[in-house]
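Chain by chain, the residues run as shown.
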Amino acid sequence: MINNIWTGDKVRLRVIVPTDWDKFHNNDLDSESARLCDMIYFPRSEEGTKNWAEHQASKGPDGDNIMLAIETLDGNLVGSINAHNCDTRHGTFKYGVAIFREHWRKGYAAEAVMILLRYYFEELRYQKVNAHVYAFNEGSIALQESLGFVQEGRLRNMIYSKGQHFDEYVFGLTKSEYES
């Protein structure tokens, strides 16, 4: 058996490929899921989502910033994860993860995050990761806490959704915390 750093017990991380467009398009129709991850965008045509998937498939990493697909070991696309705001000078980065609603609460997000952290901490020498979570995203708050992230701050009234402002929490995890 081949040992691959991008593979866990439940999921593997891989590049987004053009044929992923339909699952991402269907996920875009879930407004509540979109709100939890980022924001609700204007509708996009199937052709627009196909173009987005083509672009993702062809662009690759931007320095250490990357967006990857999360798929089960049997090849079922279940979401995506990204590393962004990668700062090699300070050894810090941020991440975001999104799991399609029908795959929530199966441990896919937690394992995907740990795979990403393993690579950034053990291969790229990063020493700290942050995640920004909306105060109304209870599932993501629980995920961060279960992975050992510490709530380091609260940005008041940063997010506007459903006709009101919400706080945004900043969670952090250092490499030494990851290792313990």
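Our subject is the structure listed above.
1. Section: the packing of aromatic side chains
- For the coordinates displayed, the defined rule picks out 12 aromatic pairs.
- With a centroid separation of 5.5 Å and an interplanar angle of 90°, the aromatic rings of Phe-24 and Phe-100 are classed as edge-to-face. Of this pair, Phe-24 sits in helix H1 (residues 21-28) while Phe-100 sits in the loop between strand E4 (92-99) and helix H4 (108-122); the two residues are 76 residues apart in sequence, bridging distant segments of the chain. Like Phe-100, Phe-24 is buried.
- With a centroid separation of 5.0 Å and an interplanar angle of 55°, the aromatic rings of Phe-121 and Tyr-178 are classed as tilted. Of this pair, Phe-121 sits in helix H4 while Tyr-178 sits in helix H6 (residues 175-179), and the two are 57 residues apart along the sequence. As far as burial versus exposure is concerned, Phe-121 and Tyr-178 are alike and both buried.
- An aromatic cluster is built from Trp-6, Phe-93, Tyr-119, Tyr-120, Phe-121, Tyr-126 and Tyr-178, whose rings are joined through pairwise contacts.

2. Here we look at unusual backbone geometry
- A positive phi angle is found at Arg-105, which is not glycine, with a value near 65°.
- With respect to the helices and strands, Arg-105 occurs in the loop between E4 and H4.
- Despite not being glycine, Asn-157 has its phi angle at roughly 50°, a positive value.
- Residue placement: Asn-157 occurs in strand E6 (residues 150-161).
- The exposure class assigned to Asn-157 is exposed, which follows from its relative accessible area of 52%.

3. Remarks on the packing of H1 against helix H3 (residues 46-59)
- Packing of H1 against H3 leaves a shortest axis separation of 9 Å and a crossing angle of 125°. One finds that H1 runs oblique with respect to H3. Crossing hand, H1 versus H3: right-handed. Across the interface between the two elements, Trp-21, Phe-24, His-25 and Asp-28 from H1 touch Glu-46, Thr-49, Lys-50, Trp-52 and Ala-53 from H3.

4. Focus on the nonpolar core
- Counting residues in hydrophobic clusters, the biggest one holds 33 residues, and the most contacted among them are Ile-81, Phe-93, Tyr-95, Leu-117 and Phe-149.
- Listing elements by their share of this core, those giving two or more residues are strand E1 (11-14), strand E2 (66-72), strand E3 (77-87), E4, H4, strand E5 (128-134), helix H5 (138-146) and strand E7 (164-174).
- If one sorts the elements of this core by residue count, H4 sits on top with 9 residues.
- Setting aside chain neighbours within four positions, we find Ile-81 in contact with Leu-13, Ile-66, Met-67, Leu-68, Ile-70, Tyr-95, Gly-96, Val-97, Ala-112, Val-113 and Leu-116.
- One finds Trp-21, Ala-53, Leu-77 and Phe-100 within the second-largest nonpolar core, a separate group that totals 8 residues.

5. Let's talk about H1
- Turning to H1, its buried residues are Trp-21, Phe-24, His-25 and Asn-27. The arc that holds the buried residues of H1, viewed along the axis, is 160°, so those residues lie on one side.
- Looking at the buried positions of H1, the neighbouring elements they touch are helix H2 (31-37), H3 and E3.

6. Some words on the side chain of Asn-137
- Relative to the elements of secondary structure, Asn-137 occurs in the loop between E5 and H5.
- Reaching out from Asn-137, the side chain makes a polar contact with the backbone oxygen of Leu-36 at a distance of 3.0 Å.

The rules we used
Residues numbered from 1 in each chain as written. Predicted model: local features only at pLDDT ≥ 70, side-chain atom pairs only at ≥ 80, totals over all residues. Heavy atoms only, no water. Phe/Tyr/Trp six-rings, centres within 6.5 Å; stacked < 30°, edge-to-face > 60°. Helix = DSSP H or I, 4+ residues; strand = E, 2+ residues; numbered from the N terminus. Buried < 20%, exposed > 50% of the residue type's maximum accessible area, 1.4 Å probe, protein only. Axes fitted to C-alpha atoms, helices over the stretch in contact; angles between N-to-C directions. Parallel < 35°, antiparallel > 145°, perpendicular 65-115°, else oblique. Left-handed = near helix turned anticlockwise from the far one by under 90°. Contact = heavy atoms within 4.5 Å. Core = buried A, V, L, I, M, F, W, Y, C linked by side-chain atoms within 4.5 Å. Arc of directions from axis to C-beta. Polar contact = N/O pair within 3.5 Å; in protein donor to acceptor, adjacent residues only side chain to side chain.

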